[in-house]
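Coordinate analysis (summary)
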Amino acid sequence: MKVKMTSPTSSDIRAAVLQLSVTTDKSANIAIAVKRIQQAKSNGCTLAVLPECFTTPYDNTLFRKYAEIIPDGETCKALSQAAKSNKMYVVGGSIPELCDDKVYNTCTVWDPNGNLIAKHRKVHLFDVNIPGSTCFKESNGMSPGNTLNTFQIGKLKVGLGICHDMRFSEMAALYQKQGCDLLIYPGAFCTELGPPHWSLLLRFRALENQTFVIAASPARDTKSNYVAWGHSMVVDPWGKVVEEANEKDMDLYVDLDFTIRENIKRQIPTGNQRRTDIYDTIDVKNKK
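Description of the structure in this document. The structure displayed is predicted, hence computed values, not measured ones.

What counts and what doesn't
Residues numbered from 1 in each chain as written. Predicted model: local features only at pLDDT ≥ 70, side-chain atom pairs only at ≥ 80, totals over all residues. Heavy atoms only, no water. Helix = DSSP H or I, 4+ residues; strand = E, 2+ residues; numbered from the N terminus. Rg over C-alpha atoms; globule rule 2.2 N^0.38 Å. Contact = heavy atoms within 4.5 Å. Areas by Shrake-Rupley, 256 points an atom, 1.4 Å probe, with all protein chains shown as cover. Axes fitted to C-alpha atoms, helices over the stretch in contact; angles between N-to-C directions. Left-handed = near helix turned anticlockwise from the far one by under 90°. Nonpolar A, V, L, I, M, F, W, Y, C, P; charged D, E, K, R; others polar. Buried < 20%, exposed > 50% of the residue type's maximum accessible area, 1.4 Å probe, protein only. Salt bridge = Lys/Arg side-chain N within 4 Å of Asp/Glu carboxyl O. Pairing = 2+ DSSP bridges.

**A look at the overall build of the protein chain**
In terms of regular secondary structure, the protein chain is built from 7 helices and 16 strands. Taking 2.2 N^0.38 as the reference for a compact globule, 288 residues should give roughly 19 Å; the C-alpha atoms of the protein chain span a radius of gyration of 18 Å, in line with that estimate. For the protein chain, the spread of C-alpha atoms along the principal axes amounts to about 50 × 45 × 35 Å. A separation of at least 24 residues holds for 70% of the contacts in the protein chain among residues at least 6 apart in sequence. Of the roughly 12,700 Å² that the protein chain leaves accessible, carbon and sulfur atoms contribute 50%.

**Brief notes about the packing of helix H4 (residues 169–177) against helix H5 (residues 194–209)**
At a closest axis distance of 10 Å, the pairing of H4 and H5 adopts a crossing angle of 35°. Judged by the twist between their axes, the crossing of H4 over H5 is right-handed. On the side of H4, the interface is formed by Ser169, Ala172, Ala173 and Gln176, while H5 contributes Arg205, Glu208 and Asn209. Of the residues in the contact of H4 with H5, the class split is 2 nonpolar, 3 polar and 2 charged.

**Concerning unusual backbone geometry**
Excluding glycine, residues mostly have negative phi values, and the peptide bonds linking residues are mostly trans. Residue Pro71 is reached from Ile70 by a cis peptide bond, and omega for that bond is 10°. Its identity as a non-glycine residue notwithstanding, Asp101 has a phi of 65°, on the positive side. Among the structural elements, Asp101 can be located in the loop between strand E5 (95–99) and strand E6 (102–110). Overall, Asp101 belongs to the exposed group, its relative accessible area being 59%.

**Some thoughts on the pattern of salt bridges**
Evaluation of the coordinates by the stated rule reveals 16 salt bridges. Arg205 is paired through a salt bridge with Glu208; the nearest N and O atoms lie 2.5 Å apart. Of the two residues, Arg205 and Glu208 both sit in helix H5, 3 residues apart, roughly one turn of that helix.

**Topic: the sheet that holds strand E14 (residues 233–235)**
The 6 strands are arranged E10-E11-E12-E13-E14-E15 in an open sheet whose pairing can be described as mixed. With one partner strand each, in any of the chains shown, strand E10 (149–153) and strand E15 (241–244) form the two edges of the open sheet. Along the sheet, successive strands turn relative to each other by an average axial angle of 20°, direction set aside. Inspection of the sheet shows strand E11 (residues 156–160) paired to strand E12 (residues 182–186) by 3 bridges, in the parallel sense. By the bridge assignment for E12, Leu160 is matched with Ile184. Those strands touched by H5 are E12, strand E13 (212–216), E14 and E15, and its axis lies near 30° from that of E14.

Following this line, the structure appears as structure tokens:
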């Protein structure tokens, strides 16, 4: 495991983006995640972000087998304790959640007291068929969520998405309307779609919404049936890549200075310039 760290700056949050290797041993995957959260704490981090499906290989045939009930399952108990013992916010990547005999791709968020403060079920399932490249139908093993979800870190508001969710600008725009300062996407892009789309999409979501964006991927395992791209990333509200991992098992420790966001919002006030008399993005569940 390698670590890449930005030099210390005036920071509202020091975030750890944990790019973990994922094996077929669920308990071992959880134990490694807990260890890396502890290491992040020892390096001054107050927020840790885990990858999508960090307890299980990304495989439709395994999702139900590895699924657990939230918040009573093995993974949730471990993450709750890790958050509490290290006094950190922990964004638990995603795990297969079992609820009413359905399986969801679900992200849990834990506060420094070990409380579950947010849960996001992946809204947009990864169903793609690109001849000669990628064919995967996540809906064969998962059901979609149907809500947008945020949480607070002090005065900062964070919006949640999972992987394929990042392709949908309307979802990010609604988070921007809700005042989110940071968007977090645990994600496992494949090696075919990672090179052309991963960085581009993350930079778009940051730039157009003037927010920080964190994306946490599993490390690449070329022996897996589904090979993740890696390249976990932090992007600032200017669309600049602050830090990027390679494909290997490694962590990023990054200082996030949110005065950058406030300065950009003053300099390019797109939030006040939207022509809602001509167009708008609406949360149909909340009618706003």
